[in-house]
Amino acid sequence: MVRHEDIARARATVAVIGGSGALGFGLSLRWAIAGTPIIIGSRDAGRATEAAARVAERAREGGASDPRVDGLQNEEAASGANTVVLAVPFRNQSETLANLRGALQPQTVLVDTTVPLAAAIGGRATRTLGVWQGSAAQQAEEMVPRAVTVVSALHTVSAAALSDPSIEMDEDVLVAGDDRKSKDDVSDLIRRIPGLRPVDCGDLERARILEQITPLLISINARHKIKHSGIRITGLDSP
Ligand SMILES: NC(=O)c1ccc[n+]([C@@H]2O[C@H](COP(=O)([O-])OP(=O)(O)OC[C@H]3O[C@@H](n4cnc5c(N)ncnc54)[C@H](OP(=O)(O)O)[C@@H]3O)[C@@H](O)[C@H]2O)c1
């Protein structure tokens, strides 16, 4: 029998697939500091546990009194949360989603952060690959069960900046998706990281444009010898 506490916990918890990696670690750390229960997902249970311990330790250093961070294999992590953040390289996105297909619960929101950088096949990080479906997020949508919604977000936030809580984030996060409620939920999650402002950009097909901004920022970083360029949309009333 499914217990009410289990359902409530799954609703509040965020699973981060690829949480042992650069972006997944940084997001997990910031959310853990904000008090969000996190499950780090990895292909390897030991690596997940080790990353979870590191996130918890860094979160305590960052001011969290009792960070709730677990580490599990990807499938178990995904089945234990209603929000699943996918933070793996583009070349591993479809394989990872194929493995998660049976684990993703109905009504789960999958947050796709994938950027189809040409670097995935040995090309330049300032270029992207063409994706038949239009974007990595639309490829993800094609692969998840029907009752799972995909929201595309977080492509332009620097993993290195997120991983250093002494750095104050100060930028917008472009969000795209077909389901308004799912986008609102993901936007609330983004707002939990101080300094990040979510901006709803429209339907999931907008991801085709969103995913192209990352290589632009990589190029700007290189040209201006900076580490963490981000983007800001002007003219919006919301703080
Ligand atoms: N880095 C950034 O600043 C940044 C910013 C915005 C968006 N992104 C996007 O976020 C995604 C993750 O980027 P990242 O820099 O965090 O990547 P990463 O550190 O290279 O890898 C993330 C995780 O993916 C898993 N992974 C690696 N190889 C795999 C494979 N062969 N099969 C399945 N899983 C594998 C690994 O987890 P386990 O080995 O533990 O399973 C790894 O820790 C990418 O799509 C990237 O474009 C990155």
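Whatever comes next refers back to the structure up there.
(A) Structural view of the environment of alanine 160. Mapping alanine 160 onto the fold places it in helix H7 (residues 159-162). On a C-alpha basis, the gap between alanine 160 and glutamate 61 in space is 17 Å, while along the polypeptide they are 99 residues apart.

(B) Region of interest: the pairing of strand E5 (residues 109-112). Where burial is concerned, the two faces of E5 agree: the one with Val109 and Val111 and the one with Leu110 and Asp112 are both buried. Where strand E4 (residues 83-86) lies against E5, 4 bridges are found, and the strand directions are parallel. Following the sheet pairing, leucine 86 is matched in E5 by aspartate 112. Both E5 and strand E6 (residues 149-152) contribute to a ladder of 4 bridges, which runs parallel. Across the sheet, the residue bridging to valine 109 is threonine 149, located in E6. Note that the unit made of E5, helix H6 (residues 136-143) and E6 has a crossover that is right-handed.

(C) Local environment of helix H5 (residues 90-100). Within H5, the full set of buried residues consists of Phe90, Gln93, Thr96, Leu97 and Leu100. Buried residues of H5 fall within an arc of 100 degrees about the axis and therefore sit on the same side. Contacts made by the buried residues of H5 are with strand E1 (14-17), helix H4 (74-79), E4, E5 and H6.

(D) Geometry of the layout of surface pockets. Its volume calculated, the largest pocket comes out at about 980 Å³. Of all the secondary-structure elements, those providing two or more residues to the lining of the largest pocket are helix H2 (22-33), strand E2 (38-42), H4, H5 and helix H9 (207-224). Ranked by the residues each element gives to the lining of the largest pocket, the list is headed by H5, at 6 residues. Within the lining of the largest pocket, the residues separate by chemical class into 15 nonpolar, 20 polar and 6 charged. Considering only enclosed or pocket space, the second largest pocket measures out at about 400 Å³ in volume. Forming the walls of the second largest pocket are 19 residues, and the residues nearest its centre are Asn82, Thr83, Val109, Lys181 and Asp185. Top element by residues in the lining of the second largest pocket is helix H8 (residues 180-191). It accounts for 6 residues.

Rules used throughout
- Just so you know, the residues in each chain are numbered from 1, in the order the chain's sequence is written.
- Predicted model: local features are reported for residues with pLDDT of at least 70 only, side-chain atom pairs are reported and counted for 80 or more only, and whole-chain, interface and lining totals are derived from all residues.
- Side-chain metrics in this entry use all non-hydrogen atoms of the structure; hydrogen atoms and water are not considered.
- Helix and strand definitions here come from DSSP, where helices need a minimum of 4 consecutive H or I residues and strands a minimum of 2 consecutive E residues; each element is numbered from the N-terminal end.
- The rule is simple: take the accessible area with a 1.4 Å probe, protein chains only, and divide by the maximum for that residue type; under 20% is buried, over 50% is exposed, in between is partly exposed.
- Each pair of strands is called paired provided DSSP finds at least two bridges between the two strands.
- When the strands point away from the viewer, a crossover counts as right-handed if the path from the first strand over the helix to the second runs clockwise.
- Here the arc refers to the set of directions running from the helix axis out to each C-beta atom.
- In what follows, residue pairs with any heavy atoms lying within 4.5 Å of each other are defined as contacts.
- Whether a set of points on the 1 Å grid over the protein atoms alone is a cavity depends on a 1.4 Å probe fitting there but being unable to get out, while an open set qualifies as a pocket with protein on both sides within 12 Å along at least five of seven lines; lining residues are those with an atom within 4 Å of a point.
- Grid points are joined across faces, edges and corners, and a volume is the space filled by probe spheres set on the points.
- In this classification, the charged set is Asp, Glu, Lys and Arg, the nonpolar set is Ala, Val, Leu, Ile, Met, Phe, Trp, Tyr, Cys and Pro, and all remaining amino acids, among them Gly, are polar.

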